[in-house]
Amino acid sequence: MRPFWLEQALQADTSEICPPLQGEVRTDVCIVGGGYTGLWTAIMLKQQNPELDVLLIEADICGAGASGRNGGCALSWSAKYFTLERLFGVEEAVRLVKESERSIHAIGEFCEQYGVDADYRLDGTLYTATNRAQVGSTDAVIAALERNGINSFSQRPLADVQRMAGSSKHLEGWFSPAAASVQPGKLVRGLRRVALQLGVKIHESTAMTGLEEGRPARLQTPNGSIVADRVVLAMNAWMARAFPQFERSVAIVSSDMLITEPRPDLLQEIGLTSGVTVLDSRIFVHYYHNTPDGRIMLGKGGNTFAFGGRMLPVFDQPSPYAGLLKNSLADFFPAFADVKVDATWNGPSDRSVTGLPFFGQMSGAGNVFYGFGYSGSGVGPCHMGGQILASLVQGLDNPWTRSPLVNGPLGYFPPEPIRYLGSLMVRNAIRRKERAEDRGRRPRHLDVRLAKFAAAAGKADKG
């Protein structure tokens, strides 16, 4: 059984599976991974250089990883401004915020140009507070955006916030029009269709079993091999297991989601009638939006941590946190308390130390490129990832290839078992801290201090 979004998308997508690779083939560029990053890279390479021979391999089917099962919130990096400035300086931080907002629009333009029905709705986002402790927590980052002339957020009157968000649980809200919601499975399957249309060769059910770096590089697969001048590794959360040098560059953590049956009548009643994405100000954030067919999708990050970057069986099963998600749904929307939940699911998210993705080239021959670490916020930024990787592959000199984003990991987690035990300790401290705040109590000092270790996990930088 596939996660809900992908299952729904596959019902509408009747195309054949691309056959597994057999025998030895030669190509200009081989891309490993058929999710957003790999497909955007393939598409951009063919758009910019139609003569280029581009071949993509995917271990399962395109979209089977995070791209077919995320929350569908296409967000910019504007609320991560402090992190961007600290890491890259003011000029590059401003450029990246602008580019991240441009990517949101570009995804919609792409869907329109190629007739991709991904339920794309450019209806903006609301960053809210759902308890007193969260009120004011995004003021500083928005003031910094304002100072730099890149602020798209405006504070909305409380009545407007509660009406737009469909819930009286919100105590304040900042709205930005530069965000969208999508049906992620439909988007990734649409990208696959366009890649094929542009002449990208795709082999599904074709895992990379070995990589020999060199000029050219050679990739092994179960029934064949690929000789490629250049290679792009777009495996995201799977990179940590495939390459030991990246094991400590990301922590693999679940995001858990549920989706209700269609109840457009109730959505009308509570006022959640646009495709606005809504996020609270927790570290392990609640996020939700409606769907065009009248459902609510609600998710929560930061639940299951994987030891040593392993892909746990639970990542392909219904969420073990279904009870918690249902309680949150009823808490936000009392009218939906007894509405049937059609599905729950979760998936592995590759959290980097900074909460931002990183890109680079492998050692040695300098013709193997990678990008991952989207930290649970990849729907919009993967479009930037495609631009970065397509530029690196072609050896271009542009703001993407000059960006410090291409300098590889910008920090490492401690080795196991310290990382795993530390993750659980921090997660539990965050849960206690946020539970106390929800009840209007002051959290324990130690819990507040421990929670700071996970500051990068939040969707917005706190001042």
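We now turn to the structure provided with this report. (Residues numbered from 1 in each chain as written. Predicted model: local features only at pLDDT ≥ 70, side-chain atom pairs only at ≥ 80, totals over all residues. Heavy atoms only, no water.)

Concerning the overall build of the chain
Next, step 1: Of the regular secondary structure elements, the chain holds 13 helices and 18 strands.
Next, step 2: Expected size for 463 residues packed as a compact globule is a radius of gyration near 23 Å; at 21 Å, the chain falls within 12% of this value.
Next, step 3: Here the C-alpha coordinates of the chain stretch approximately 65 × 45 × 45 Å along the principal axes.
Next, step 4: When each of the 463 residues of the chain is scored for burial, the buried share is 62%.
Next, step 5: Only carbon and sulfur atoms are counted for the fraction: they give 51% of the accessible area of the chain, which is about 17900 Å².
Next, step 6: Each charge class in the chain was averaged separately, 48 positive and 46 negative side chains, and the resulting centres sit 7 Å apart. (Helix = DSSP H or I, 4+ residues; strand = E, 2+ residues; numbered from the N terminus. Rg over C-alpha atoms; globule rule 2.2 N^0.38 Å. Buried < 20%, exposed > 50% of the residue type's maximum accessible area, 1.4 Å probe, protein only. Areas by Shrake-Rupley, 256 points an atom, 1.4 Å probe, with all protein chains shown as cover. Lys, Arg positive; Asp, Glu negative; His and termini not counted. Charge placed at Lys NZ, Arg CZ, Asp CG, Glu CD.)

Observations regarding the pattern of salt bridges
Two side chains with opposite charge may pair up if their charged atoms get near one another.
Next, step 1: Tallying each qualifying case throughout the model produces 24 salt bridges.
Next, step 2: Of the charged contacts, one joins Lys169 and Asp331 as a salt bridge, the two residues approaching to 3.1 Å between their closest N and O atoms. Note that Lys169 is positioned in the loop between helix H6 (158-165) and strand S6 (172-176) and Asp331 in helix H10 (residues 322-332), a separation of 162 residues in sequence.
Next, step 3: The class of Asp331 is partly exposed, set by a relative accessible area of 45%.
Next, step 4: A salt bridge links Glu204 to Arg192; the shortest N-O distance between them is 3.0 Å. (Salt bridge = Lys/Arg side-chain N within 4 Å of Asp/Glu carboxyl O.)

Thoughts on the side chain of Gln387
Next, step 1: Structurally, Gln387 is set in helix H11 (residues 381-393).
Next, step 2: Looking at Gln387, the relative accessible area reads 18%, which means it is buried.
Next, step 3: In this structure Gln387 touches Met44, Glu99, Ser103 and Trp400, once residues within four positions along its chain are discounted. (Contact = heavy atoms within 4.5 Å.)

Some words on the environment of Phe175
Next, step 1: Within the secondary structure layout, Phe175 lies in strand S6.
Next, step 2: Linking Phe175 and Thr125, residues 50 residues apart in sequence, is a C-alpha distance of 5.7 Å.
Next, step 3: With residues near it in sequence (within four places) discarded, Phe175 still touches Asp123, Gly124, Thr125, Leu126, Ser152, Phe153, Ser154, Arg156, Met164 and Val276.

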